[in-house]
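Fold and contact review
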Amino acid sequence: MSSTSRGKPETPKRKVKSAPSVPTATANKPQPRPSDRLNPKTVDPFSGPLRAQSTFAAVYSKGGIPCRLVHGSVKHRLQWECPPETIHFDPLLITLAEGLRETKHPYTFVSREGFKELLLVDGAAEKAIPLLAKLVPALKAALVHTDSDVFERGLNGLVQLSAAVGPALNDHLKHLLTSLSKRLMDKKYKDQVMSGLQKLEQYGGKPSLAVIKSKVPTYSSIFS
């Protein structure tokens, strides 16, 4: 057989390596853990690009809130740097009221407890009454918030303020009651709002009834 009739030896084929698969964004996304449901949202200073801080967060990060959060085995508490009764309410009480709109820990706890504790000190009424015109818009912002926890903090804060300043709040109620009347239509909030209205009347006295009924006509007085 001639050399031309012989088959040429086949050249071994080169294996082409397939490109490594690139993980998708979904694969890289961390999956929620069961424990996440048990812990509140906490501010993470190392997560992603930082968004513009709220007024409360900015003041808190600069040490402008004169108290710190103390973690206890059963519950947390605030430790003040000086006795709360010696602290000027302006602007601290206003800042704490603005902080009621926060949704992450520790801002939520510090603003809620700080606002409540300041209003319990001796002489709180005299210090808070001159600030009502600035406190009411901050509380209103919490009352119209879509987050239910923020709304509840706003409602509790309003009741605490009413307990501290009494009838002095009556002239400002009209700016807050529209938000409460809308929540009355939701079964989820009806009992809370009604209880809050009753306390506003209790602390505001009989003159508050006309203001409440002007915005919530179905309200029945606790004095009747």
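What counts, and where the lines are drawn
Each chain carries its own residue numbering, running from 1 in the written order of its sequence. The predicted origin of the model limits local features to residues at a pLDDT of at least 70 and limits the giving and counting of side-chain atom pairs to 80 or more, whereas totals for whole chains, interfaces and linings rest on all residues. In computing side-chain properties, one takes all heavy atoms of the structure into account and sets aside hydrogens as well as water. Ring geometry is summarised as follows: Phe, Tyr and Trp rings, the Trp one being its six-membered ring, pair when their centres sit within 6.5 Å, and such pairs are stacked at plane angles under 30 degrees, edge-to-face over 60 and tilted between the two. For the purposes of this entry, the term helix denotes a DSSP run of H or I that reaches at least four residues, the term strand denotes a run of E that reaches at least two, and both are numbered from the N terminus. For the exposure calls, accessible area comes from a 1.4 Å probe over protein chains only, and a residue counts as buried if that area is under 20% of its type's maximum, exposed if over 50%, partly exposed in between. For every element, the axis is a line fit to its C-alpha atoms; helices are fit only across the contacting stretch, and the angle between N-to-C directions ranges from 0 to 180 degrees. Note on angle classes: values under 35 degrees are labelled roughly parallel, values over 145 roughly antiparallel, values of 65 to 115 roughly perpendicular, and the remainder oblique. Handedness of a helix crossing follows the sense of rotation of the near helix relative to the far helix, less than a right angle counterclockwise being left-handed and clockwise being right-handed. By definition, residues are in contact when any of their heavy atoms lie within 4.5 Å. Any two strands between which DSSP finds at least two bridges are classified as paired.

**Here's the deal with the packing of aromatic side chains**
In total, this model carries 4 aromatic pairs according to the counting rule given. Here the aromatic rings of Phe56 and Tyr107 are separated by 5.9 Å at their centres, their planes lie at 80°, and the arrangement is edge-to-face. You can see Phe56 sitting in helix 2 (residues 55-61) and its partner Tyr107 sitting in helix 4 (residues 107-118), a full 51 residues away along the chain. Judged by its relative accessible area of 10%, Tyr107 is buried. Judged by centre distance (5.5 Å) and plane angle (75°), the ring pair of Tyr60 and Tyr107 falls under edge-to-face. Of the two residues, Tyr60 sits in helix 2 while Tyr107 sits in helix 4, which places them 47 residues apart along the sequence. With a relative accessible area of 25%, Tyr60 lands in the partly exposed category. Three or more aromatic residues joined by ring pairs make a cluster, and in this case those are Phe56, Tyr60 and Tyr107.

**Regarding the packing of helix 7 (residues 148-165) against helix 9 (residues 187-204)**
Two numbers describe how helix 7 lies on helix 9: the axes approach to 8 Å, and their chain directions differ by 15°. When the axes of helix 7 and helix 9 are compared, the pair comes out roughly parallel. Crossing hand, helix 7 versus helix 9: left-handed. Between helix 7 and helix 9, the residues in contact are Ser148, Phe151, Glu152, Leu155, Leu158, Val159, Ser162 and Ala163 and Lys188, Tyr189, Gln192, Val193, Gly196, Lys199, Leu200, Tyr203 and Gly204, respectively.

**Some words on the pairing of strand 2 (residues 77-80)**
Going residue by residue along strand 2, you find Leu78 and Trp80 tucked away on one face and Arg77 and Gln79 left uncovered on the opposite face. Summarising the sheet, strand 1 (residues 67-70) and strand 2 pair through 4 bridges and their orientation is antiparallel. Across the sheet, the residue bridging to Val70 is Arg77, located in strand 2. Two successive antiparallel strands, strand 1 and strand 2, enclose a turn made up of 6 residues.

**Thoughts on the side chain of Ser148**
Considering the arrangement of structural elements, one finds Ser148 in helix 7. According to the relative accessible area criterion, Ser148 is buried, its value standing at 19%. The contacts of Ser148, once residues within four sequence positions are left out, are Lys188 and Tyr189.

Any link to function would need more than the numbers given here.
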